[in-house]
Amino acid sequence: MVLVLLAVGLTVFLILRSHRGIQDNVEKRGAVRFTKRQLIQATNNFSVLLSRAADGDVFKGMLASQEEVAVKKVHSSKANDAAMRNEVKLLSFVHHKNIIKLVGFCMDRTELLVVYELAARGSLQDLLEKEPLTLGWEQRSKISLGAALGLDYLHSQIVPPIIHRDVRPQSILVTDSYEIRIGFFGVSKFEIKTGEGDSLLGSARPYLDPYYLITGQTTTKSDVYSLGVVLLQLATDLPVFQDKRHILSIVQDQATAARLLKILAPALTSVLIQGLVAQDSFEGVSQPSNGCIGDTQLDVSSETAFHYRTSTLPGLSSTSTLAGDRATSTLPEDSGTFTLPEHSS
């Protein structure tokens, strides 16, 4: 009995020590440390479930300040703890309109809860599966541009660059106004040449570029390839696999413009047929996805900016690109503490 108590006590101590490392770092960056009672009140005792995943359940909440938030109750495990520690630390440094905002956290004995801004429409995956008809031309263009801008920030405005490593519809979150927030930074890492191979498995695999599959190495260009696959899904409403065929293979078989209309998302086909959007506008959206997946050496930068011909879209300039004034951020000298812990398979 004494040995059992000692084992339990040691486990709790190690978890608390691990959590304390997150706390000391994140509080310095402005994230709020909540009590468990505050988050119980904010979520009405975790009554509104937004999503459920292997790493934790996410609940809707409202803080005393009237800010709507999403509260993740992390499922306790070695892998989940390492991933969330990595995510919280990274998000405490990055600040961009297209990156999910870390609001705060709570460490209650053995439980870790993370508080984010609320992306009310859920993930892009949710919209493509359940409500594709709500995604018209304007919404799809806005989502595409937002995702590109978010990756551009991670790749070219942070030193060293951050590789997201998990770009897929599930990690692209959508607000009420169809602004996007890139989330899910659990496996993200700095692009530092170590010569060590990466280990990426699971649901991210269909979005991984051939360079990674051959070499076991991820770079910022790997993210660009993954974004290209996402853009194909956004343009067609197709799943990443259909009848055991990858979406890239399906689209390549429909090479001509006339044949592409057969697999184009109905919401986009209708605006083309009605003449509400010019044919070259569609080419402006299709070119980025083809470029991303056609060359894994393509970089997301001002030199290879995604051009969206959006003169017909209210609130957007006639030509939007990733180019623009940049304020490059160099992470502090202690950024080495942000390296991703090894995940157990």
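Please refer to the structure higher up on the page.
Predicted, not measured: the structure shown is a model, and the values here were computed from it. Here, residues in each chain are numbered from 1, in the same order as that chain's written sequence. Side-chain atom pairs in this predicted model are given and counted only at pLDDT of 80 or more, local residue features only at pLDDT of at least 70, and totals for whole chains, interfaces and linings cover all residues. Side-chain numbers come from the whole structure's heavy atoms, not from hydrogens or water.

Asker: Requested: an account of the overall build of the protein chain, with residues and values cited.
Answerer: Helix and strand definitions follow DSSP, with helices as H or I runs of at least four residues and strands as E runs of at least two, each counted in order from the N terminus. Looking only at helices and strands, one finds eleven helices and 16 strands in the protein chain. Relative to its full complement of 345 residues, the protein chain shows a buried share of 50%. Carbon together with sulfur atoms contributes 54% to the accessible area of the protein chain, which is approximately 16,900 Å² in total. Categorising residues by exposure relies on relative accessible area from a 1.4 Å probe, with only protein chains included: less than 20% of the type maximum marks a residue as buried, more than 50% marks it as exposed, and the intermediate range marks it as partly exposed. Values of accessible area rely on a 1.4 Å probe in the Shrake-Rupley scheme; residue burial ignores everything except the protein chains shown.

Asker: Can you lay out the packing of aromatic side chains for me, pointing to particular residues and giving the numbers?
Answerer: For Phe, Tyr and Trp, rings pair up if their centres lie within 6.5 Å, where Trp contributes its six-membered ring, and each pair is then called stacked (planes under 30 degrees apart), edge-to-face (over 60) or tilted (otherwise). Under the definition given, this model contains one aromatic pair. A ring is considered to have a charge above it if a Lys NZ or an Arg CZ atom is located within 6 Å of its centre and within 35 degrees of its normal. The aromatic ring of Phe 46 is capped on one face by Lys 73, whose charged end is 4.4 Å from the ring centroid.

Asker: With reference to specific residues and values, describe the packing of helix H5 (residues 137-156) against helix H7 (residues 220-236).
Answerer: Each axis is a line fitted through C-alpha atoms, and for a helix only the stretch in contact is used; angles between axes span 0 to 180 degrees, taken between their N-to-C directions. Two numbers describe how H5 lies on H7: the axes approach to 11 Å, and their chain directions differ by 175°. As summarised for this structure, H5 and H7 are arranged roughly antiparallel, according to the angle between their axes. Here H5 contributes Arg 140, Ile 143, Ser 144, Ala 147, Ala 148, Leu 151 and His 155 to the contact with H7, which in turn contributes Thr 220, Asp 223, Val 224, Leu 227, Leu 231 and Leu 234. Roughly parallel means an angle under 35 degrees; roughly antiparallel, over 145; roughly perpendicular, 65 to 115; everything else is oblique. Here, two residues are considered to be in contact whenever any of their heavy atoms come within 4.5 Å of each other.

Asker: Let's hear about the sheet that holds strand S4 (residues 68-74): which residues, and what values?
Answerer: Neighbouring strands of a sheet are bound in pairs by backbone hydrogen bonds; such pairs are parallel or else antiparallel. Read across the sheet, six strands follow the order S1-S5-S6-S4-S3-S2 without closing on themselves; strand pairing throughout is mixed. At either margin of the open sheet sits one strand with a lone partner, and together these are strand S1 (32-33) and strand S2 (49-53). Paired strands, in this sense, are two strands between which DSSP finds at least two bridges. In terms of strand pairing, S2 meets strand S3 (residues 56-62) through four bridges, oriented antiparallel. Among the inter-strand pairings, Leu 49 is bridged to a residue of S3, identified as Phe 59. Here helix H3 (residues 78-91) sits on the sheet in contact with S4, strand S5 (102-108) and strand S6 (111-117), set at roughly 35° to S6.

Asker: Can you explain H5? Please cite residues and give values.
Answerer: What a helix is expected to span follows from its residue count: subtract one and scale by 1.5 Å. Spanning 20 residues, H5 covers 28 Å between terminal C-alpha atoms, matching the ideal 28 Å at 1.5 Å per step. Counting buried positions along H5 yields 16 of 20 residues, so the element is predominantly enclosed.

Asker: Got a sec to walk through the nonpolar core? Specific residues and values, please.
Answerer: Soluble globular proteins tend to pack their nonpolar side chains together in the buried interior. As used here, the term nonpolar core means buried Ala, Val, Leu, Ile, Met, Phe, Trp, Tyr and Cys residues forming a set that is joined through side-chain atoms within 4.5 Å. Counting residues in each nonpolar core, the largest one holds 52 residues, and the members touching the most others are Leu 91, Val 94, Ile 99, Val 114, Leu 124, Leu 135 and Leu 154. At seven residues, H7 tops the list of elements feeding residues into this core. Not counting residues within four places of it along the chain, the set of residues in contact with Leu 154 comprises Val 94, Ile 99, Pro 161, Ile 162, His 164 and Phe 185. Counting residues in hydrophobic clusters, the runner-up holds twelve residues, among them Phe 34, Phe 46, Val 69 and Leu 113.

Asker: So what's going on with the environment of Leu 128? Which residues, and what values?
Answerer: Tracing the sequence through the fold places Leu 128 in helix H4 (residues 124-130). Sequence spacing of Leu 128 and Asp 237 is 109 residues, and the spatial spacing of their C-alpha atoms is 6.2 Å. In this view, Leu 128 contacts Leu 135, Arg 140, Gln 233, Leu 234 and Asp 237; residues no more than four positions away in its chain are not counted.

Asker: Can you tell me about the pattern of salt bridges, naming the residues and giving the values?
Answerer: Only one rule defines a salt bridge in this text: a Lys or Arg side-chain nitrogen within 4 Å of an Asp or Glu carboxyl oxygen. Summed over all chains, the structure comprises eleven salt bridges. Measuring nitrogen to oxygen at the nearest pair gives 2.9 Å for the salt bridge that ties Asp 55 to Lys 72. Pair noted here: Asp 55 is in the loop between S2 and S3 and Lys 72 is in strand S4, with a separation of 17 residues, a long-range link. Of the charged contacts in the structure, one is a salt bridge between Glu 111 and Lys 73, with a shortest N-O distance of 3.7 Å. In this pair, Glu 111 sits in strand S6 while Lys 73 sits in strand S4, placing the two residues 38 residues apart along the sequence. The network of salt bridges with common partners includes Lys 36, Lys 73 and Glu 111.

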